[in-house]
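Results of the structural survey
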Amino acid sequence: MPICLLAGTRSAVAAAELVTLVWTHSVEKVEWRETWAATPAGLVALEARVKGSGAGMEPGPEARLVDGWWVWRPDLPPQAVLSLARSGAVADWRLCSHHACTAPSDLIPGLAADEPVRLAVCRPE
């Protein structure tokens, strides 16, 4: 089951079955990464990692420091949809899969810089 990127009525396949979301925190200017897998139950968080903490971005309680990253597995139930806010004020999200990263605007042509997008498991029609 691939992971889809949705914006309004438009959609694109974002990744096969695994995607790592990468972004820079708007206040702390620190990189954050989350890896999500597509499952029949929804999107499952496999790992989160952050280079620092502060301003609402504290590592999970079981986080361990690995090569300068705080790394942990988020304790979340499967998610039907992940909403990704986009202000246009900071660098866009990157969706990484198979060692390549792509911005939402590269996957959905004409996407406005502040247009929100969602990630979900692609369901056959």
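Scroll up for the structure.
The sections below set out a description of the structure shown in this document. (Residues numbered from 1 in each chain as written. Predicted model: local features only at pLDDT ≥ 70, side-chain atom pairs only at ≥ 80, totals over all residues. Heavy atoms only, no water.)

**Points about the nonpolar core**
Leu-5, Val-19, Leu-21, Trp-36, Leu-43, Leu-95 and Leu-119 are the most contacted members of the largest nonpolar core, which totals 28 residues. Considering every element that reaches this core, the biggest residue donor is strand β5 (residues 42-50), with four residues. Not counting the four nearest positions on each side in its chain, Trp-36 is found in contact with Ile-3, Glu-17, Leu-18, Val-19, Leu-21, Leu-43, Val-44, Ala-45, Leu-76, Gln-79 and Leu-82. (Core = buried A, V, L, I, M, F, W, Y, C linked by side-chain atoms within 4.5 Å. Buried < 20%, exposed > 50% of the residue type's maximum accessible area, 1.4 Å probe, protein only. Helix = DSSP H or I, 4+ residues; strand = E, 2+ residues; numbered from the N terminus. Contact = heavy atoms within 4.5 Å.)

**Details of the sheet that holds strand β2 (residues 10-15)**
Reading across the sheet, the four strands line up as β2-β1-β11-β8 and stay open at both edges, with antiparallel pairing between neighbours. The open sheet is flanked by β2 and β8 (81-84), the only strands paired with a single partner. Shown here is a sheet whose adjacent strand axes are inclined to one another by a mean of 25 degrees, direction ignored. (Pairing = 2+ DSSP bridges. Axes fitted to C-alpha atoms, helices over the stretch in contact; angles between N-to-C directions.)

**Here's the deal with the state of the cysteines**
One pass over the structure, following the stated rule, counts two disulfides. Sulfur-sulfur distance for the disulfide between Cys-4 and Cys-122 comes to 1.6 Å. Judged by the torsion about the S-S bond (115 degrees), the Cys-4/Cys-122 disulfide is right-handed. Separated by 118 residues along the polypeptide, Cys-4 in strand β1 (residues 3-7) and Cys-122 in the segment after β11 (117-121) bring together distant segments of the chain. Each member of the pair Cys-4 and Cys-122 is classed as buried. If one numbers only the bonded cysteines of the protein chain, in the order they occur, the disulfide pattern is 1-4, 2-3. (Disulfide = S-S within 2.5 Å.)

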